[in-house]
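Summary of structural features
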Amino acid sequence: MIRHNNHHPPPTAKTSIILPTYKERDNIVELVQAIHQHLGAEGFDYEVVVVDDNSPDGTAEVVRAAFGDCSQVKLHVRTQERGLASALRYGAEHSDGEVLVFMDTDFNHDPAMIPQLVKFLEYYDVVIGSRFVMRGGMEDPARYFFSFVYNLGLRFLFGTRVWDNLSGFFAIYRDKLLELDLDQIFYGYGDYFIRLLVVGWRRGWRMVEVPVFYRLRMHGHSKTQFLGIFGQYTTAILKLRLKLWMGRMR
Ligand SMILES: Nc1nc2c(ncn2[C@@H]2O[C@H](COP(=O)(O)OP(=O)(O)OP(=O)(O)O)[C@@H](O)[C@H]2O)c(=O)[nH]1
Ligand SMILES: [Mg+2]
């Protein structure tokens, strides 16, 4: 039986879409326009929150020029700190939607999927955009294969029953996220997501995966180097496993 959440069913809930940017000058305007198109058409109450870490390519300037007089688009430029996970946390703490959506800003994540992620929150606490459920996928076949195998390992190691433990494209209720100790979760790179899932899973959050297909980055350059990220994630995962065994993670 599907149980309803006690929350108001979206899209009546205000949604904040958190967009972390580092050198995304050629993607960000088009992405925000696409979000307007998909959410506006469905009558969503939403805001777009761009968290830029003072990108040297002028990302903030193009956002200001394009949306300076649009009250639905909020730009934050951080100069003291840099990093994907901490930017996402900053966005969560500097937005006011009852629902939060997190996504990349280079079109890896398809903005057309946002309404679906949010609508499923009627029944779940977290809705994960997943590459590894039926009809999900990735345009890059090698990366798909590697990520799939890596995720099988994660599933085994943490018992989350989630197929895509390194998604980063998801919707969640603000009050669910903020009930956590964010210091224990939001550091590093995409590894914050596995920490979030593991903690949420242990708290009995209701989670669902909906299929998403990752396209290749549209413009600009990747911040992810394969070997570096592999090492970083694996270290983060082993540390998390140890912390859990030692009972130091809630
Ligand atoms: N604010 C902020 N955003 C970042 C930082 N590093 C990466 N990002 C953003 O995080 C998202 C993911 O980074 P990507 O470089 O696309 O990483 P990826 O998706 O693994 O790699 P490709 O898509 O292949 O390029 C993008 O929206 C980046 O702009 C950072 O230090 N600060
Ligand atoms: Mg990307």
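Please refer to the structure higher up on the page.
What this report covers is the structure whose coordinates are included nearby. The structure presented is a predicted model; accordingly, all values stated were derived computationally and were not measured.

1. Details of the packing of helix H5 (residues 141-158) against helix H8 (residues 226-245)
With their axes 11 Å apart at the nearest point, H5 and H8 run at an angle of 10 degrees to one another. In this view, H5 runs roughly parallel relative to H8, as classed from their interaxial angle. Along the contact surface, H5 presents Phe 146, Tyr 150, Leu 154, Leu 157 and Phe 158, while H8 presents Phe 226, Phe 230, Tyr 233, Thr 234, Ile 237, Leu 240, Arg 241 and Leu 244. Tallied by class, residues from the contact of H5 with H8 come to 11 nonpolar, 1 polar and 1 charged.

2. Remarks on the site of ligand 1
Near ligand 1 lie 20 residues; those nearest to it are Glu 24, Thr 105, Asn 108, Arg 217 and Thr 224. Within the side chain of Asp 53, an N or O atom sits 2.7 Å from a nitrogen atom of ligand 1. Residue classes in the shell around ligand 1 are distributed as 6 nonpolar, 6 polar and 8 charged.

3. Things to note about the coordination of the magnesium ion (ligand 2)
The magnesium ion (ligand 2) binds to the protein through Asp 106 (OD) and Asn 108 (OD1), with metal-donor distances spanning 2.0 Å. Neither Asp 106 nor Asn 108 differs from the other in exposure class; each is buried.

4. Some details on the nonpolar core
Ranked by internal contacts, the top residues of the largest apolar core, which has 38 residues, are Phe 102, Phe 158, Phe 170, Ile 172, Leu 177, Ile 194 and Leu 196. Looking at this core, the elements with two or more residues in it are strand S2 (46-52), helix H3 (84-93), strand S4 (99-102), strand S5 (126-130), H5, strand S7 (170-173), helix H7 (192-202) and H8. Sort the elements by how many residues they give to this core and H7 lands first, with 7 residues. Residues contacting Ile 194, with those up to four places away along its chain left out, are Leu 154, Phe 158, Asn 165, Leu 166, Ile 237 and Leu 240. Counting residues in hydrophobic clusters, the runner-up holds 33 residues, among them Ile 17, Phe 107, Leu 121 and Val 212.

5. Topic: helix H1 (residues 25-41)
With 17 residues, H1 extends 25 Å between its outermost C-alpha atoms, agreeing within 8% with the 24 Å of an ideal straight helix rising 1.5 Å per residue. Within the span of H1, buried status applies to Asn 27, Ile 28, Leu 31, Val 32, Ala 34, Ile 35 and Leu 39. Buried residues of H1, seen end-on, are gathered within an arc of 165 degrees and therefore sit on one face of the element. Turned more than 90 degrees from where H1 packs its buried face, Gln 37 and Ala 41 sit exposed. Along its buried surface, H1 packs onto strand S1 (15-21), S2, helix H2 (59-67), strand S3 (73-77) and helix H4 (114-119).

About the cut-offs
Residues numbered from 1 in each chain as written. Chains lettered and ligands numbered in written order. Predicted model: local features only at pLDDT ≥ 70, side-chain atom pairs only at ≥ 80, totals over all residues. Heavy atoms only, no water. Axes fitted to C-alpha atoms, helices over the stretch in contact; angles between N-to-C directions. Helix = DSSP H or I, 4+ residues; strand = E, 2+ residues; numbered from the N terminus. Parallel < 35°, antiparallel > 145°, perpendicular 65-115°, else oblique. Contact = heavy atoms within 4.5 Å. Nonpolar A, V, L, I, M, F, W, Y, C, P; charged D, E, K, R; others polar. Near = heavy atom within 4 Å. Polar contact = N/O pair within 3.5 Å; in protein donor to acceptor, adjacent residues only side chain to side chain. Donors = N, O, S within 2.8 Å, 3.2 Å for Na, K, Ca; no water. Buried < 20%, exposed > 50% of the residue type's maximum accessible area, 1.4 Å probe, protein only. Core = buried A, V, L, I, M, F, W, Y, C linked by side-chain atoms within 4.5 Å. Expected span 1.5 Å × (residues − 1). Arc of directions from axis to C-beta.

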